[in-house]
Every structure is written in C-alpha cells, then in structure tokens.
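Chain by chain, the residues:
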Amino acid sequence: MIKVRALSKEFDMRDNGAGVLALSDIDFEVHDNEFVTIIGPSGCGKTTLLRIIAGLIPYDQGEVAIDGRAITGPGPERAVVFQNFALMPWADVLANITFGLEVRGTPPNECRDKARDLIRLVGLEGFEKRLPKELSGGMQQRVGLARALAVNPQILLMDEPFGALDEQTRRLLQEQLLQLWEEQRKTVVFVTHSMDEAVMLGDRVMLMTPRPGRVKEMIDVPLQRPRSPQVEKSTAFVEIKEYLWENLRAMQVGES
Amino acid sequence: MKQETVAKAAGNSSPARPVDRLWVLRRFTRENAPEVLALLAGAALWEVLGWSLGLQWLPPFSKVMEALAQFVASGVIVANLGSSLQGLIVGFSLALILGLFLGSLMGRYRPVEKALDIYVHAFFVCPSIVFAPIFFAIFGLSDAARIAIVVVYAMFVIVINTATAIRTVDPSLVEMARSFGCGEAQIFRRILLPASLPLVFAGIRLGVGRAVKGMINGEMLIAFVGLGALAQRYGAQFDAAKVFAVAMVVLVIGLVSNSLVQILENRLTRWTE
C-alpha cells in the first residue's frame, strides 16, 4: 500500500530566491492491486507527486511510505514508465528491456529468458534487434512498459505514458494495458491529462488543483472489470467524465 | 544459398555477372571522385605555378616529390618518423586520459566545472606554443618537454568536448537509470559514457589534429628531433622542396591518425547513423 500523508514540496526558483509551492498537504492512499489515475490541469504537480513516490526527488514535509516504510529513494518494488519513453538510443529492444534486470545483477541467460516472455507479452516479437529510432512511438512505449515489468515490481508508476502518442495508438495501448493489468494486477499510479484515459483505466481517479497542487477529490469509478472499449458508452463513464470536465474547466477559467 | 555466394566470390564462372577484379578501385573512385579530382587539380596547379613563377619558396610539385623520394630512400624519414610518432603517441595518450577524466568530472559535477572552467578555457585559447620555453626550463632538452607540448596542445579541446557531451546527456535517461536503482558508477558506465560518445569523439578528432601540431612545434622549438627538427634544418637552409617534403609526411600522419579515430568512432557509435 502506498500511503501519502500531509506531503508538501517546494521548488527553489533560482532567479528570485523565493520558493514555489508545488504540492501542499497531499493526503491519499493507493491500495494493493489498485489502479489509481491522477488528473489535473498543468501545474498541479501530478508529475512531481509521481516522481516523489518513485523516489527520484526528495520532499520537504509529510510522509510517503510503501507498506509502512518511508521512501528515501528508488526501490526494487517500484518501476517507472516515462512519458518520453527514456529508451537508450544505442541499445536494441532486447537490451533496453533487460536494463533494469542487468543493473540489479541478474545473470544474462535469465535476463534473456525474461525478456523473451515480455517481448511476447507486449507484442514485439521480431523486433528484438531493432534500435528505438526504428520503432514507432507506440512500440517504443511498449518497450518502456516491458522494461518496467521486467523487474517484476509490485508498483507501476506511469507518468503520462501515452501522452506523446497519437490517439489511435494511445487507445490501443490503453486496451493492452487493461488486459495486462487483468493478468498481473499490479498496483498502478497513472498520471494523465486525458479524462477518457483517467476514467477508462482507473479504479479511482484523483483530481488535483493547481498552484499549489492539492488533492481536490478522490472519485470512485464503479465500472466493471474487465473493461472493454464499450464502457465509454455507459452512463457512469460519461457522468464521471462530465464531472471531471466541470471541475477542470472551473480550474482553468481565468487562467487561460 | 550460402554455397552459391561462396562460389561467386571465388570467381567461378558465372555468366550473369562477370568477375570484376577492379570493383574495389571502381567503388573507391566512384565514392571519392571529388576528393581525387581536387587533389589532382591541386597538384597540377602547383606544378604549373612552380615552373612558371620560378619562386624560390615555391618549388614545383614534382621537385617536392623528388625530395620526398630521396628522404624515403636514404632512410632519413624512417629514422625521424620513429621519434616523432613516439612523442605523438605518448603525448596524445596522456592528453586523452587526462582529458576524458577531467571532462567527465566537469560535465557531471557542476562545482567541479565552475572551479575548473576558467583554467580550461584559458589554456584552450592561449597559444600552446607559449608554454614551450616553460617546458624547456622544466624538462630541459628531453622527450618529456615535447611530450608535454603535445599534451597541452591536445588535452583541452578534449576536456571541453567531453564536459559538454556529459552535461548534455538526456536527463531523462539518467533519471530512468536512477529509477532502477543505479548508483553513480553504473549511471556513468551504462548511460553517460555510451550517450556521450559521439560528442566525445568529435573532441578526440580535434585533439588528434592538435596533437600533430604540438608534436611538430615541440620538435621545432625545443627538442630538435624528429620531423620538426628536419623542417627546422631545411628551413634554415632555404631548401623549400625539402621543407615541403617534410610537410607532406606530417600531412600523412595527420590524415592517418584522423582516419584511425574515425574508424574507431564509426564502430562505437553505429547507432547514430
């Protein structure tokens, strides 16, 4: 379980010496095997929050703990999927997928076996020897996903993973992620700026407000699993999406 | 399938494709036609100007080649080439090791860069030859003096390029590595080093060129050995053909060392193609 209590984070602004409050008094929990999506307007600190949970940046006040242990840095129980894929351009698909395994000292033949399974899982058979630049954006992010899954984390932290993809690819990958999640049931924290995506994927949607970033509301998504693209037509889906839009719209009015 | 290829390569009769023994040459001339033509044109122009102007400092190209042939035949070149190359290789290796080390530290750690940047740039813009008398004072008429000259010529451009290369590595790759628990050493070996290679090699190539300059200047001004000493001696005798002949040898050293770096670079940074 991920537990966040009274979390605050301030960024130094070098030019005037004053700090900017990025996150203020954040409280929430993510239960084991739960899929939580985080949505909010830009500047609400959702990516900062994810990076804190990933252990990539420190926080100033409050408590962030996983299964009762405070986070002090990255850990083997967590893996991150990045918005810009963060693939090594010099390494082929196979080497990118095994990166996390290798740096943790996994024997090479074991790395290869695991990578084979994952390549099948994300549908990249035949592309093992390709370099990232030879792949489409969707394929690149499937490599990013496979790399994260390779280390078998309990928790998957996804930072707008499909934000850089075109809509068709994005929807395909959402469906694949749902399918994968049904099989593996990892705990997922998924940051997005797409309302469809937030509702389609999440068990709960965390709505954030900007400047400073706060949790506005945790919204349950009472849609049955496994979910198919059909749920988009359900009343519940449409209602939650409209509710999100009302709120996000109110936050943006006067700002843009 | 494989046997068929072997048979063709062996030159067995294959009426569809007659054996082209000159294909290497053909490919070379096709790909390098502009260079070859430019060189031929340059040589021809030089020859014509040499004969028609009759200047003492511009002997015709053929005279220079004649002098070069004499050098090679008499063994003068071979004897001096050895000591020149030795200074070049030792000096450049030192410059490379120091340059990569300092550059990496500066690229990775902001305080190190802030502390050293002014010195590195000062040494980089300062004409390295001003250090010649200083090294002569320190090391005397020894190999160490001309090696030190090669080092100051070659090192700083490598430092600057390496620092820039490391500093500009995509930060999201470093973050990715950290997210998998990589420590500083792993980040360096697995991310920073491979990611920075293309720019680092640009610095190494510039460094090689400067090392060749440093080698000749050091030999001409302080050590009086090797090719630099030859150029110095013939210069004093106003024997332009021989000076140009030495310059030709230096040119070849520069081109060859540059090609060696290029070959290594192409092998190691294939992913950028």
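Treat the numbers as computed from the prediction; the structure is a model and nothing was measured.

So what about the packing of helix α5 (residues 110-125) of chain B against helix α7 (residues 143-167) of chain B? Which residues, and what values?
Residue and element names in this part refer to chain B. The geometry of α5 relative to α7 is characterised by a closest axis approach of 9 Å and an angle of 140 degrees between their N-to-C directions. Comparing the axis directions of α5 and α7 gives the class oblique. Between α5 and α7 the crossing geometry is left-handed. Contact residues: α5 offers Glu113, Val120, Phe123 and Phe124, while α7 offers Val152, Phe156, Val157, Val159, Ile160 and Ala163. Looking at the contact of α5 with α7, its residues break down into nine nonpolar, no polar and one charged.

For the packing of helix α5 (residues 137-150) of chain A against helix α6 (residues 167-184) of chain A, give the residues involved together with the corresponding values.
Any two packed helices are characterised by the angle at which their axes cross and by the distance between the axes. Residues and elements named next belong to chain A. It is at 10 Å that the axes of α5 and α6 come closest, and there the two elements cross at 30 degrees. In terms of orientation, α5 lies roughly parallel with respect to α6. Here α5 and α6 pass one another in a crossing that is right-handed. Residues Gly137, Gly138 and Gln141 of α5 touch α6, and the partners they reach there are Thr169, Leu172 and Leu173. Here the residues of the contact of α5 with α6 sort into two nonpolar, four polar and no charged.

Help me get a handle on the pairing of strand β6 (residues 78-81) of chain A, residues and values and all.
Residues and elements named next belong to chain A. Side chains Arg78 and Val80 project from β6 onto one buried face, and the interleaved Ala79 and Val81 project onto a second face that is buried too. Of the pairings in the sheet, the one linking β6 to strand β7 (residues 155-159) comprises four bridges and is parallel in character. In the sheet register, Val80 faces β7, and the bridge partner there is Leu157.

Any details on the nonpolar core? Residues and values, ideally.
With 132 residues, the main nonpolar core has Val189(A), Val150(B) and Ala211(B) as its most contacted residues. Of the residues forming this core, the biggest block, 18 residues, is contributed by α7(B). Among residues more than four places away in sequence, those in contact with Ala211(B) are Leu88(B), Gly91(B), Phe92(B), Ala95(B), Val150(B), Tyr153(B) and Ala154(B).

Reading the values: rules and limits
Residues numbered from 1 in each chain as written. Chains lettered and ligands numbered in written order. Predicted model: local features only at pLDDT ≥ 70, side-chain atom pairs only at ≥ 80, totals over all residues. Axes fitted to C-alpha atoms, helices over the stretch in contact; angles between N-to-C directions. Helix = DSSP H or I, 4+ residues; strand = E, 2+ residues; numbered from the N terminus. Parallel < 35°, antiparallel > 145°, perpendicular 65-115°, else oblique. Left-handed = near helix turned anticlockwise from the far one by under 90°. Contact = placed C-beta atoms within 7 Å. Nonpolar A, V, L, I, M, F, W, Y, C, P; charged D, E, K, R; others polar. Buried ≥ 20, exposed ≤ 12 C-beta atoms within 10 Å, placed from the backbone. Pairing = 2+ DSSP bridges. Core = buried A, V, L, I, M, F, W, Y, C linked by C-beta atoms within 7 Å.

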